[in-house]
Amino acid sequence: NAFLYRFFIKIFYNKADLVISPSEFGKQMLEKFSIQVPVEIVSNGLPEQFQPKQCVRDPEFLDKFVILMVGRLAKENRHDLVMQAIKESKFKDKIQLVVTGQGALRSELIDLGNTLPNPAFFEYVSQEKLISLFNTADLFIHASEIELEGMAVLEAIGCGLPALISDAKHSASTQFALNDEFLFSAGNVDSLVSKLDYWIAHEAELQASKSAYLERAQAYAFDVSVQYARSLYQNLVTQKKSAPSQLV
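Not measured: the values here are computed from a predicted model.

Caption draft 1: Geometry of the overall build of the protein chain. Each helix and strand counted, the protein chain has nine helices and eight strands in total. In terms of its C-alpha atoms, the protein chain occupies a principal-axis envelope of roughly 65 × 40 × 30 Å. A burial count over the protein chain gives 47% of its 248 residues as buried. For the protein chain, contacts bridging at least 24 residues in sequence account for 66% of all contacts bridging at least 6.

Pasting the structure below:
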């Protein structure tokens, strides 16, 4: 990873006049490997369709506490950690895990999900169905240990779904957590169980956090990102008008 960072910075990024990163974490990584040009942060932006909607929860989940995980079925997303935490939760019989996405570990994770008190539900869904899940689940868990921005988390909170997030040092998703109660120690099943059980036991408090998450998501609205990116481009063009051939 260090080699690749230095390679791309040397042959590509340092030849630009400006580099845009989707998160503070991305900017810090570029600075760590000695980028020599300005870096600005512009989120990929929350598309407007990810918002609160009146949706009907699937009938089989009506009496369950629904946990949603979204993303590629890969090792770094730690589905295994979440399933182990569910097994150790004192509310395990109440929890229903729903997992969306595709990936190399699909068969292995389905087998693991079948060992839960309520077998995990795996499905590759349309965007419409995903928005419905964001609007009907009780809690989003993001256990990934590597993340440049965390669009799945942003989409979840854009729909008002509270998110419990890994505090992994190589992940930018921690920026979306309301407070430390919505963070758990990366890779630590005991920490995840503790936070998970707390939020299931305090569902009213969890529901009350929805409005704060919605407010946080608005700062990342797609239109906000577009306007800021446009202003950066305009300023850069203005600065380079005297030497347009040097503009990258």
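Caption draft 2: Molecular detail of a negative patch on the surface. Together, Asp167, Asp180, Glu181 and Glu205 line one region of the surface with negative charge. Position of aspartate 180 relative to the elements: it lies in the loop between β7 (163–166) and β8 (183–184). Accessibility expressed as a relative area gives 59% for aspartate 180, which makes it exposed.

Caption draft 3: Geometry of the side chain of lysine 64. The topology assignment puts lysine 64 in the loop between β2 (39–41) and β3 (65–70). Judged by relative accessible area, which is 17%, lysine 64 ranks as buried. For lysine 64, the contacting residues outside a window of four places in its chain are Arg57, Asp93, Lys94, Gln96, Asn118 and Asp138.

Caption draft 4: How the structure looks around the packing of aromatic side chains. Evaluated as defined, the whole model comprises 11 aromatic pairs. Plain terms: the ring middles of phenylalanine 3 and phenylalanine 7 are 6.0 Å apart, the flat faces sit at 20° to each other, and that makes the pair stacked. Of this pair, phenylalanine 3 and phenylalanine 7 both sit in helix α1 (residues 2–11), four residues apart, which is roughly one turn of the helix. Taking the relative accessible area as the measure of exposure, phenylalanine 7 reaches 36% and is therefore partly exposed.

Caption draft 5: Region of interest: the sheet that holds β8. The strand order across the open sheet formed by six strands is β5-β4-β3-β6-β7-β8, and the pairing between neighbours is parallel. One side of each edge strand has no neighbouring strand; the edge strands of this open sheet are β5 (121–123) and β8. Helix α5 (residues 127–136) rests against β3, β4 (95–100), β5 and β6 (139–142) of the sheet, and its axis sits at about 135° to β3.

Caption draft 6: Representation of the pairing of β7 in the model. Alternating residues of β7 divide into Ala163 and Ile165 and Leu164 and Ser166, and every residue in both groups is buried. With three bridges joining them, β6 and β7 adopt parallel strand pairing. Within β7, the position partnered with phenylalanine 140 by the bridge is alanine 163. Read from β6 through helix α6 (residues 151–158) to β7, the crossover connection turns out right-handed. Bridging between β7 and β8 involves two bridges; their strand directions are parallel. If you follow isoleucine 165 over to β8, its bridge partner there is leucine 183.

Caption draft 7: Looking closely at the environment of glutamine 84. One can find glutamine 84 in helix α3 (residues 79–88). What makes glutamine 84 partly exposed here is its relative accessible area of 34%. For the pair glutamine 84 and valine 189, spaced 105 residues apart in sequence, the C-alpha to C-alpha distance is 7.1 Å. Side-chain polar atoms of glutamine 84 contact the side chain of glutamate 88, separated by 2.8 Å.

Caption draft 8: Seen up close, the environment of serine 23. Position of serine 23 relative to the elements: it lies in the loop between β1 (19–21) and α2 (24–32). Given the relative accessible area of 1%, serine 23 is considered buried. Taking C-alpha positions, serine 23 is 6.8 Å from leucine 148, a pair spaced 125 residues apart along the chain. Within polar-contact distance, the side chain of serine 23 engages the backbone nitrogen of glycine 26 at 3.1 Å.

Definitions and cut-offs
Each chain has its residues counted from 1, following the order in which its sequence is written. With the structure being a predicted model, the display of local features is reserved for residues of pLDDT at least 70 and the display and counting of side-chain atom pairs for 80 or more, all residues being used for whole-chain, interface and lining totals. Water and hydrogen atoms play no part in the side-chain values, which are based on all heavy atoms of the structure. Helix and strand definitions here come from DSSP, where helices need a minimum of 4 consecutive H or I residues and strands a minimum of 2 consecutive E residues; each element is numbered from the N-terminal end. Using a 1.4 Å probe on the protein chains alone, a residue whose accessible area is under 20% of its type maximum counts as buried, one over 50% counts as exposed, and one in between counts as partly exposed. We call two residues contacting when some pair of their heavy atoms lies within 4.5 Å. Patch membership requires more than 30% relative accessible area and the absence of a salt bridge. Residues of like charge join within 9 Å; the nonpolar side chains Val, Leu, Ile, Met, Phe, Trp and Tyr join within 5 Å. Working definition of accessibility: Shrake-Rupley area with a 1.4 Å probe, residue cover restricted to the visible protein chains. For this analysis, a salt bridge means a side-chain nitrogen from Lys or Arg found within 4 Å of a carboxyl oxygen belonging to Asp or Glu. When charges are counted, neither His nor the chain ends are considered; positive counts come from Lys and Arg and negative counts from Asp and Glu. For this purpose, a charge sits on NZ of Lys, CZ of Arg, CG of Asp or CD of Glu. Working definition: rings of Phe, Tyr and Trp (its six-membered ring) pair if their centres are within 6.5 Å, and the pair is stacked with planes under 30 degrees apart, edge-to-face with planes over 60 apart, and tilted otherwise. What makes two strands pair is DSSP finding at least two bridges between them. Only the stretch in contact is used when fitting a helix axis, every axis being a line fitted to C-alpha atoms; angles between N-to-C directions are given from 0 to 180 degrees. Throughout, right-handed denotes a crossover for which the path from the first strand over the helix to the second runs clockwise when the strands point away from the viewer. N or O atoms closer than or at 3.5 Å make up a polar contact, with two conditions inside protein: a donor-capable atom paired with an acceptor-capable one, and, for residues adjacent in sequence, both atoms drawn from side chains.

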